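Coordinate inspection notes
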Amino acid sequence: MKVQFICVYFCLLLSHLGFGQIAHSSKINNSEWYGEISFDDSSIMLIKISFEEVGANSGKAILYYPEYNNSALSLDYSVKNGEVVLTNPLLIQGSPLNEDAIQKLTFQSNHLLGDYFRNGKPIGRVKMQSTPPDGFQSIQKEAEEKYGVLKYYSTLDSLEGIRVIEQVDAQYRSVFGKEYFQSFGTVDFFGISGTMRSYSNNNNAYLKIELPFLSTVQVQTDTLGWEYSSETKTTLINRSPEDIENIRLSEMSRILDGGGSLQEVKDATYNGIECYSIELHHDVVSLYVVDKEEFKVLFNDDDGEVVIYSDFQKINDYPYPMKWDFISSEYSGSFNLDSISFEQFDESIYSIPKEYSLKIVEQTQQFSAEDFYERGEELFDKEEYTESIENYTEAIKLEPRQGKYYYSRGVSKQLSEDYYSAISDYEKAIELNYYKANCYNRLGVCMYQLGDNKNAVENYKKAIALDSSKSIYFSNICHALNREQKFEETLVYLDKLADFQTDSTVYYAKGALLTELGRYEEAYAAFEESINSGYANALVYNYYGVANYRNNDFENAIKKYEKANLLEDSVMLYTENLAYAYYQNENYELATHMFQKALEIGEDVQGASFYSSYSLSLRNLGQYDQALEQIDKALSLENQNAEFYDVKGLVLHDQGLYASAVENYTRSIGIYPDDPKPYYWRGLANEAALNMYDACQDYKKAVELGSEEAEERMSDSCKEFGLGKPLDN
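Residues numbered from 1 in each chain as written. Predicted model: local features only at pLDDT ≥ 70, side-chain atom pairs only at ≥ 80, totals over all residues. Heavy atoms only, no water.

Let us look at the overall build of the protein chain. A tally of regular secondary structure across the protein chain gives 23 helices and 23 strands. Buried positions account for 50% of the 729 residues belonging to the protein chain. Residue pairs at least 24 apart in sequence account for 49% of intrachain contacts in the protein chain once pairs closer than 6 positions are excluded. Accessible area for the protein chain stands at about 34800 Å²; split by element, carbon and sulfur atoms hold 45% of it. (Helix = DSSP H or I, 4+ residues; strand = E, 2+ residues; numbered from the N terminus. Buried < 20%, exposed > 50% of the residue type's maximum accessible area, 1.4 Å probe, protein only. Contact = heavy atoms within 4.5 Å. Areas by Shrake-Rupley, 256 points an atom, 1.4 Å probe, with all protein chains shown as cover.)

Quick look at the structure:
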């Protein structure tokens, strides 16, 4: 019987990087996955995917975006080589996404990872898990209540679609055909009430909102855009023209009146009301949901800026909404229009009043790229990575060719564990020729954390080629090569690392590597160097013991394991290894004691092999009932391990329970029929039960498989069946 032992997983201890494992699958084991998209602009969106298998590893998937207007896509999926490929996206609920969505997901460490695409380019990273995050269900319910349920049906032909547009536009013009438009009412932002007034004519618009703590005015004309805030007592001018579209309350259907290109018109329902959904494209994607009966607009979405209309009143025979609920990623609120009129007003309101002109700032010149960068650095030093990313992003918007901005943002994203997005930033910094060696090193770190060891190694090599003076580069490549089990190559870089390393952990790492390569004498020398240089902790002595154990030097293995336990007596691994060494040295009493102590330290983390070895130790002490208890624990964890049935058979044989012993050997043979040992042991049990014919057949099979013990036994016991030595006359 082989006695297995557990040794510490090889760890270089040369940097603070963590280790991860990759799990590949060719089948989706869960029908529902939950997660989020982390976009390049640092925003995050929760998502959910439901899979329904139709064929072998293929079927239909529904991708939900509860926070994006309660939207959903239908897709086809297939699973192959650990990847989920998603194709044929079709919007079935909510608002147009203007994106290619998710194209591929990869199984890694019990997660599904991938990219989110727009126009063929990745704009965000996807990470999903099989269990919903806290609060996901309530978020989904809240989204349904907030946005309602918009579902699509058949697409109208182009002529019918144009007719719908023209009819809506005709209704719209009946009320907005007036040159001057005024409205007054109340507003509500996050539960705080205030008043509003709005004026517009031609392409000019004015909006004033007064809250208890804030008064703000926004104006856009053909020649000037300005905004005043009582909070800063500052007037910002030169706003981009499109910004004013958000405040033109008088033009609910402005795109229907000439702007954008019609994409399609569909039959739809919105919260049970029969509707048309009208999708148009201009600078953004716009969606209008129109009541079929009265042609009133119920819902408007401009690329995530959502307005829901209600409390309709007839104005010039047109159903006009008196309540507007605004919902966006930045704010939510409502406008309640108390009155609407079409009277001429004094257009001087569009000019900046004298009291507002005391402090005017050109908005585009308010902050420089370097200002945002320095602010990002300050926030980074405080470990406020999300806020630092926002500032680096603003710097990039102003100076997109400055490599250090991408590098710094990449570091913040890396430390936020947003590795995919960090990779994009480091690659951009390299493209801009900034700090290339360290960018390659950090690319390697991100890929290592994602389980992509091969590309991690390639990037570390590029970093070393550019700058061979950084010990961390050598340390990192050793980690990645070790994970790939390329121990010989790891040794080469360890030797180079020894030229930099000021402490002696490198000698320990070298000893561990040499142990894995079976070069035990060299490993001993490396461990001695580590101990003599001052790195002499329990970890070193434990792995030193592993080298002795693997070299069958159990006496010295015991000494090293005892030293490890003396230094740290509550580490299950060291105690367990000592138990194995005592067992191999045939000191079963001490072995049993150490197995029991290991259980006391960490009973809930023991493996099946541990219980099997513990059972063998108890058997050698004649404690058969306890031995059976432990081997049954092993079988409860792994019931297809032939060796565990062998152990149980041996214990039962010792108790004189020969029939039960035969049954367990038979189970072992059924799992692994090419091992001669269980045939031999079953033969012994059958012979003890006086089943000589069966015993001799087992000996014969064991001999055929190469057992010398069985050949000798057969010669002595099986002559009457024509086996073994011939009978004398």
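This next bit is on the nonpolar core. Core analysis: the biggest nonpolar cluster contains 118 residues, and Tyr426, Leu494, Phe527 and Phe610 have the highest contact counts within it. Contact partners of phenylalanine 610, with chain neighbours within four places excluded, come to Glu576, Tyr580, Phe595, Ala598 and Leu599. Of all hydrophobic cores here, the second largest spans 41 residues; its members include Ile49, Ala61, Tyr77 and Val79. (Core = buried A, V, L, I, M, F, W, Y, C linked by side-chain atoms within 4.5 Å.)

In this structure, aspartate 311 takes a positive phi of about 50 degrees despite not being glycine. Note on placement: aspartate 311 falls in strand 20 (residues 305-315). Residue glutamate 586 is not a glycine yet carries a positive backbone phi of 65 degrees. Summarising the element assignment, glutamate 586 is placed in the loop between helix 15 (572-584) and helix 16 (588-602).

Attention now moves to helix 6 (residues 419-431). Over its 13 residues, helix 6 runs 18 Å from end to end, which matches the ideal 18 Å to within 8%, given 1.5 Å per residue. The complete set of buried residues in helix 6 reads Tyr419, Ser421, Ala422, Ile423, Asp425, Tyr426, Ala429 and Ile430. Against the buried residues of helix 6 lie strand 8 (121-129), helix 5 (403-415) and helix 7 (436-449). Positive phi shows up at asparagine 433, right after helix 6, with a value of about 65 degrees. (Expected span 1.5 Å × (residues − 1).)

Further remarks concern the pairing of strand 13 (residues 214-220). Burial of strand 13 is extensive: 7 of the 7 residues sit out of reach of the surface. Here strand 13 shows no split at all, with Leu214, Thr216, Gln218 and Gln220 on one side and Ser215, Val217 and Val219 on the other all buried. Pairing geometry for strand 12 (residues 204-211) and strand 13, over 7 bridges, is antiparallel. Within strand 13, the residue paired with alanine 205 across the bridge is glutamine 220. Adjacent in sequence and paired antiparallel, strand 12 and strand 13 are bridged by 2 residues. Pairing analysis gives 5 bridges linking strand 13 to strand 14 (residues 225-229), with the strands arranged antiparallel. Its bridge partner being in strand 14, glutamine 218 is matched across the sheet by glutamate 227. (Pairing = 2+ DSSP bridges.)

We now examine helix 16. The end-to-end C-alpha separation of helix 16 is 21 Å, in line with the 21 Å expected for 15 residues at 1.5 Å each. Here helix 16 has its buried residues at Tyr588, Ala591, Thr592, Met594, Phe595, Ala598, Leu599 and Gly602. Across the axial projection of helix 16, the buried residues extend over an arc of 165 degrees, all falling on one side. Residues Glu589 and Glu600 are exposed on helix 16 and point more than 90 degrees away from its buried face. (Arc of directions from axis to C-beta.)

Turning next to the state of the cysteines. Following the criterion strictly, the structure yields 1 disulfide and no others. Each disulfide pairs two cysteine sulfurs, and for cysteine 696 the partner residue is cysteine 718, the sulfurs being separated by 2.0 Å. Taking the sign of the S-S torsion, about -95 degrees here, the bridge from cysteine 696 to cysteine 718 comes out left-handed. Of this pair, cysteine 696 sits in helix 22 (residues 692-704) while cysteine 718 is found in the segment after helix 23 (708-717), placing the two residues 22 residues apart along the sequence. The exposure class of cysteine 696 is buried, given its relative accessible area of 0%. (Disulfide = S-S within 2.5 Å.)

This next bit is on the confidence of the model for the protein chain. The pLDDT averaged across the protein chain works out to 81; a share of 84% of its residues lies at or above 70. The low-confidence segment residues 1-26 (pLDDT under 50) makes 94 contacts with residues lying over four places distant or belonging to another chain. (pLDDT = per-residue confidence, 0-100.)

Running from N to C, helix 9 (residues 471-483) and helix 10 (residues 487-497) point in directions that differ by 165 degrees, and their axes come no closer than 9 Å. One way to sum up the angle between helix 9 and helix 10 is to call them roughly antiparallel. Along this stretch, helix 9 crosses helix 10, giving a crossing that reads as left-handed. Each of Ser471, Phe474, Ser475, Ile477, Cys478, Leu481 and Asn482 in helix 9 lies in contact with helix 10, whose residues at this interface are Phe487, Glu489, Thr490, Tyr493, Leu494, Lys496 and Leu497. Broken down by class, the residue content of the contact of helix 9 with helix 10 amounts to 8 nonpolar, 4 polar and 2 charged. (Axes fitted to C-alpha atoms, helices over the stretch in contact; angles between N-to-C directions. Parallel < 35°, antiparallel > 145°, perpendicular 65-115°, else oblique. Left-handed = near helix turned anticlockwise from the far one by under 90°. Nonpolar A, V, L, I, M, F, W, Y, C, P; charged D, E, K, R; others polar.)

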